[in-house]
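# Descriptive structure summary
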There are 2 protein chains.
Amino acid sequence: MYVILVYDMGEKRVGKMLKLCRQYLNWIQNSVFEGEITEVKLKELILKAEFIMNEEEHDSLILFKSREQKWLEKEVIGHEKNDLDQFL
Amino acid sequence: MYVILVYDMGEKRVGKMLKLCRQYLNWIQNSVFEGEITEVKLKELILKAEFIMNEEEHDSLILFKSREQKWLEKEVIGHEKNDLDQFL
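Predicted model, so just to flag it, every value in this text is computed and none were measured. (Residues numbered from 1 in each chain as written. Chains lettered and ligands numbered in written order. Predicted model: local features only at pLDDT ≥ 70, side-chain atom pairs only at ≥ 80, totals over all residues. Heavy atoms only, no water.)

Residue and element names in this part refer to chain B. Remark: helix α1 (residues 11-22) packs on helix α2 (residues 39-52), axes separated minimally by 10 Å, with the N-to-C direction vectors making an angle of 170°. Here α1 lies roughly antiparallel to α2, going by the angle between them. Contacts between α1 and α2 involve R13, K16, M17, L20 and C21 on the former and, on the latter, L45, K48, A49 and I52. The class makeup of the residues in the contact of α1 with α2 is six nonpolar, no polar and three charged. (Axes fitted to C-alpha atoms, helices over the stretch in contact; angles between N-to-C directions. Helix = DSSP H or I, 4+ residues; strand = E, 2+ residues; numbered from the N terminus. Parallel < 35°, antiparallel > 145°, perpendicular 65-115°, else oblique. Contact = heavy atoms within 4.5 Å. Nonpolar A, V, L, I, M, F, W, Y, C, P; charged D, E, K, R; others polar.)

Structure (structure tokens):
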């Protein structure tokens, strides 16, 4: 399935979350990821994310899931992340 | 149509962008919005957003558009924004 993942985390935990999400999805904006993922891999990602998150500090993770990417049209306005960014 | 909007802005411009997006969509996370919007209203929102954005400073806005909300399943993990937050 195709997913969009956005998180809002306390500064201390952002680095860990970024590293985790990049193992599963494509990084397209500061705290936004997208990509094809299996249900099993997504469950694994969520479990690991919950381990990093601190709900008392209002950390949050939102997933939008779609069976097929073609049902969603993406439009980027302004700066678009490219491969170079990924290595910064 | 149903849209998800995420932005990544320089700190100086975040307040303006937040205020703008809240006029058109529902605020669901720090820099994430969703909602039903007409094509005309969306064009208006994009024009106003471009006026706020500074591309030299790598401001970016990503839109995911879907003809129908039912094609997307949303899952929130951790803290969920509620109406009270909206007035903070």
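With that settled, consider the sheet that holds strand β4 (residues 60-66) of chain B. Sheet architecture is open: five strands sit in the order β5(A)-β4(B)-β1(B)-β3(B)-β2(B), paired in antiparallel fashion. Each of the sheet's edge strands pairs with one partner strand only, and the pair in question is β5 (73-78) of chain A together with β2 (26-29) of chain B. For this sheet the average axis-to-axis angle between neighbouring strands, irrespective of direction, equals 20°. Relative to β4(B), β5(A) runs antiparallel, the two sharing six bridges. Bridging across to β4(B), A:I77 finds its partner in B:L61. Where α1(B) meets the sheet, it contacts β1 (2-8), β2, β3 (32-36) and β4 of chain B, and its direction lies at approximately 175° from that of β1(B). Against the sheet, α2(B) engages β5 of chain A together with β1 and β4 of chain B, with an angle of about 170° to β4(B). (Pairing = 2+ DSSP bridges.)

We now examine the interface of chain A and chain B. Across the boundary between the two partners, chain A contributes 32 residues, which contact 32 residues of chain B. Buried area between chain A and chain B, both sides added, is near 3,100 Å², and the carbon and sulfur share of it is 61%. Joining chain A to chain B, the criterion identifies four salt bridges. The residue A:E75 makes a salt bridge to B:K65 at a minimum N-O spacing of 2.7 Å. The interface formed by chain A and chain B contains 14 residue pairs in polar contact (both at pLDDT 80 or more). In the side of chain A that touches chain B, the residues fall into 16 nonpolar, seven polar and nine charged. (Buried area = accessible area lost by both parts, 1.4 Å probe. Salt bridge = Lys/Arg side-chain N within 4 Å of Asp/Glu carboxyl O. Polar contact = N/O pair within 3.5 Å; in protein donor to acceptor, adjacent residues only side chain to side chain.)

The next subject is the environment of B:I4. Mapped onto the secondary structure, B:I4 falls in strand β1. When the C-alpha positions of B:I4 and B:F33 are compared, they lie 5.7 Å apart, and in sequence the two are 29 residues distant. Beyond its immediate stretch of four places on either side in the chain, B:I4 contacts A:I4, A:F64, B:V32, B:F33, B:E34, B:I62, B:L63, B:F64 and B:L72.

This part is about the UniProt feature "binding site: Mg(2+)" (unreviewed entry) in chain A. As recorded in UniProt, the sites labelled "binding site: Mg(2+)" (unreviewed entry) are A:D8. Checked against the element boundaries, A:D8 lands in strand β1 (residues 2-8). A:D8 has contacts with A:H58, A:D59, A:S60, B:Q29 and B:N30, leaving out every residue within four places of it along the chain. (UniProt positions renumbered as here; feature names shortened; annotations may be inferred.)

It takes a turn of 180° to lay chain A on chain B, together with a shift of 0.0 Å along the axis; the resulting RMSD is 0.0 Å. One copy is carried onto the other by what is essentially a two-fold rotation axis. Using C-alpha coordinates, one finds that chain A approaches the rotation axis most closely at A:W71, a distance of 3.5 Å. Same-surface contact between copies: 100% of interface residues of chain A are shared with the interface of chain B. (Least-squares fit on C-alpha atoms with pLDDT ≥ 70 in both.)

Moving on to α2(B). Between the first and last C-alpha of α2(B) there are 20 Å, a value that for 14 residues agrees with the 20 Å anticipated at 1.5 Å per step. Residues B:L42, B:L45, B:I46, B:A49 and B:I52 constitute the buried set of α2(B). Across the axial projection of α2(B), the buried residues extend over an arc of 115°, all falling on one side. Facing away from the buried side of α2(B), by more than 90 degrees, are the exposed residues B:V40, B:K43, B:L47 and B:F51. Residues of α2(B) that are buried sit in contact with β5 of chain A together with β1, α1 and β4 of chain B. (Expected span 1.5 Å × (residues − 1). Buried < 20%, exposed > 50% of the residue type's maximum accessible area, 1.4 Å probe, protein only. Arc of directions from axis to C-beta.)

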